[in-house]
Structure formats: C-alpha cells, structure tokens
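The primary structure of each chain is shown beneath.
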Amino acid sequence: SGRAQLGIGAGWFDVEHDALGFEFGTFTDRFEKLEEALQIILPMLRDERPTLAGKHYSVKDAVNQPAPVGRIPVMIGGSGERKTLRLVAQYGDACNLFAATAPDVAHKLDVLRRHCDDVGREHETRHLGDRHLDRGERRARREHDPAGVFDGHHAWNGTRDPPGRRPDPVVGSN
C-alpha cells in the first residue's frame, strides 16, 4: 500500500489564491468548485474516466494515467456543519475538525454521522467515535507543543488504518 493522501478544501485564505492567480470567489463559489472537483478527481483516482459539465469545470472522459497503484484516501479540510461535513460524508475518507473542546468535537462527529446517514453511507464507528492523531501530528505536537497545550485542531480518519498502524484515540464521543 502507498502513502499518498489527497487533501482538498474549499479554500479560506485569499492571499494563497492571489499568489497563485486563482480567483478567490465567494463562499458559495468555492464550495461549488470543491464539490465539482471531487466529482472529477475521485473517479480519476479509481482509474475511471469521468465526464462532467458543471458550472465551474467541464471534463469529458478525463484520464489519470498512470493510475494509482492503490486506493488514495481523500481528506477534506474544514468542519462547517452544513457544507463541509456533508461533503465529507458524501465524498471523503477523512476530515479536519476545528473545535475548541472535546464536547465540540463530539458534536461535530455527531453532525458528521447524521450526514453519513443522510447520504446512505456507512460510517465506521471505531473511526467516527474516536478522535485520532496520525504519527506526523503526534510528532509535531511533541516538537511544537511540549507542554501539551491543546490547540483545538482535530482530524477524523474515516478510512481503514494502514496495516500495522493503529491511531491513538485522544477524545472519545459521548
């Protein structure tokens, strides 16, 4: 199995858009673009050839060659309850949750569970029920937060764990 993971989001930092020459657009535009991009990218990662005539993007039989060797999980950035978590439920394998307290995290995970139910997607209780840190985040916290001050940044991993690796539960759900 590979180590690739796609991280994607609607964008929130206009300076990055300006520096790269992309129009920042409205909140709604950015989420429409994100959803269309997911409708194109995800099939391409599965070695399919998607066609989409969207409001922002149009492709016909888009090709991704060479195809990935294995499945590439998709992490969708953000924790907005109406738009972002709905997109995570529909398209994502993982997401970033920004919340200040453990009860806030539990609430966001409950919202995500409801969105999963709404789109008919099974959620893996073990992953949705626990807060996980990956190795890189644990290392970064050791290096940059030796006192263990909680910074409010969370990640949900809804994918199966890579062989031989089990994330550390940090915050449990209610």
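What counts and how
Residues numbered from 1 in each chain as written. Predicted model: local features only at pLDDT ≥ 70, side-chain atom pairs only at ≥ 80, totals over all residues. Heavy atoms only, no water. Helix = DSSP H or I, 4+ residues; strand = E, 2+ residues; numbered from the N terminus. Buried < 20%, exposed > 50% of the residue type's maximum accessible area, 1.4 Å probe, protein only. Contact = heavy atoms within 4.5 Å. Areas by Shrake-Rupley, 256 points an atom, 1.4 Å probe, with all protein chains shown as cover. Salt bridge = Lys/Arg side-chain N within 4 Å of Asp/Glu carboxyl O. Phe/Tyr/Trp six-rings, centres within 6.5 Å; stacked < 30°, edge-to-face > 60°. Core = buried A, V, L, I, M, F, W, Y, C linked by side-chain atoms within 4.5 Å. Expected span 1.5 Å × (residues − 1). Axes fitted to C-alpha atoms, helices over the stretch in contact; angles between N-to-C directions. Parallel < 35°, antiparallel > 145°, perpendicular 65-115°, else oblique.

A.B. asks: I'm lost on the overall build of the protein chain in this one. Help?
C.D. replies: Secondary structure assignment for the protein chain yields six helices and eight strands. Helices and strands in the protein chain line up, N terminus first, as β-α-α-β-β-β-α-β-α-α-β-α-β-β. A total of 174 residues make up the protein chain; the buried ones form 39% of that total. Counting contacts in the protein chain only where the partners sit at least 6 residues apart, residues at least 24 apart contribute 56% of the total. Carbon and sulfur atoms make up 52% of the accessible area of the protein chain, which amounts to about 10,600 Å² in all.

A.B. asks: For this particular structure, what's the right way to read the pattern of salt bridges?
C.D. replies: Between side chains of opposite charge, a pair can form when the charged atoms approach closely. One pass over the full model with this rule turns up seven salt bridges. Across the pair E35 and R86 runs a salt bridge whose closest N-O atoms are separated by 3.1 Å. Remark: R86 occurs in helix α3 (residues 84–91) and E35 occurs in helix α2 (residues 27–45); sequence separation between them is 51 residues. The buried category is assigned to E35, whose relative accessible area is 18%. In this structure, the salt-bridge partner of R113 is D110, at a minimum N-O distance of 2.6 Å. With R113 and D110 both in helix α4 (residues 102–118) and three residues apart, the pair spans about one turn of that helix. We classify R113 as buried; its relative accessible area is 15%. Look at D110 and you get partly exposed, because its relative accessible area is 31%. Through salt bridges with shared partners, one network takes in R71, D93 and R121.

A.B. asks: Help me out: how do you make sense of the packing of aromatic side chains in this one?
C.D. replies: We describe a pair of aromatic rings using the distance from one ring centre to the other and the angle between the two ring planes. Across all of its chains, the model carries two aromatic pairs by this definition. Here the aromatic rings of W12 and F13 are separated by 5.1 Å at their centres, their planes lie at 35°, and the arrangement is tilted. Take W12: its relative accessible area is 68%, and that puts it in the exposed class. In this structure F13 comes out as partly exposed when scored by relative accessible area, which is 32%. Plain terms: the ring middles of F27 and F31 are 4.8 Å apart, the flat faces sit at 50° to each other, and that makes the pair tilted.

A.B. asks: Explanation requested: the nonpolar core in the structure shown.
C.D. replies: Within the largest apolar cluster, 24 residues are counted, with the highest numbers of intra-cluster contacts made by I8, L34, L38, V74, I76 and L112. Counting residues per element, the ones that place at least two in this core are α2, β4 (74–76), α3, β5 (94–98) and α4. Per element, the largest residue contribution to this core is six residues, and it comes from α2. If sequence neighbours within four positions are ignored, I8 has contacts with L34, A37, L38, I41, V74, M75, I76 and G77.

A.B. asks: What exactly am I supposed to notice about α3 here?
C.D. replies: Two residues of an α-helix separated by three or four positions point the same way, owing to the 3.6 residues in each turn. Counting buried positions along α3 yields six of eight residues, so the element is predominantly enclosed. Of all the positions in α3, only T84, L85, L87, V88, A89 and Y91 are classed as buried.

A.B. asks: Please clarify how α4 should be interpreted in this entry.
C.D. replies: The first and last C-alpha atoms of α4 sit 24 Å apart over 17 residues, in line with the 24 Å expected at 1.5 Å per residue. Every buried residue of α4 is listed here: V105, A106, K108, L109, V111, L112, R113, H115 and C116. Count one or two residues on from α4 and you reach G120, which has phi positive near 70°.

A.B. asks: Where do I start with the packing of α2 against α3 in this structure?
C.D. replies: The relative placement of two packed helices comes down to the angle between their axes together with the axis-to-axis distance. Between α2 and α3, whose axes approach to 11 Å, the crossing angle comes to 10°. When the axis of α2 is compared with that of α3, the two are roughly parallel. Contacts between α2 and α3 pair F31, L34, E35, L38, Q39 and L42 from the former with T84, R86, L87, Q90 and Y91 from the latter.

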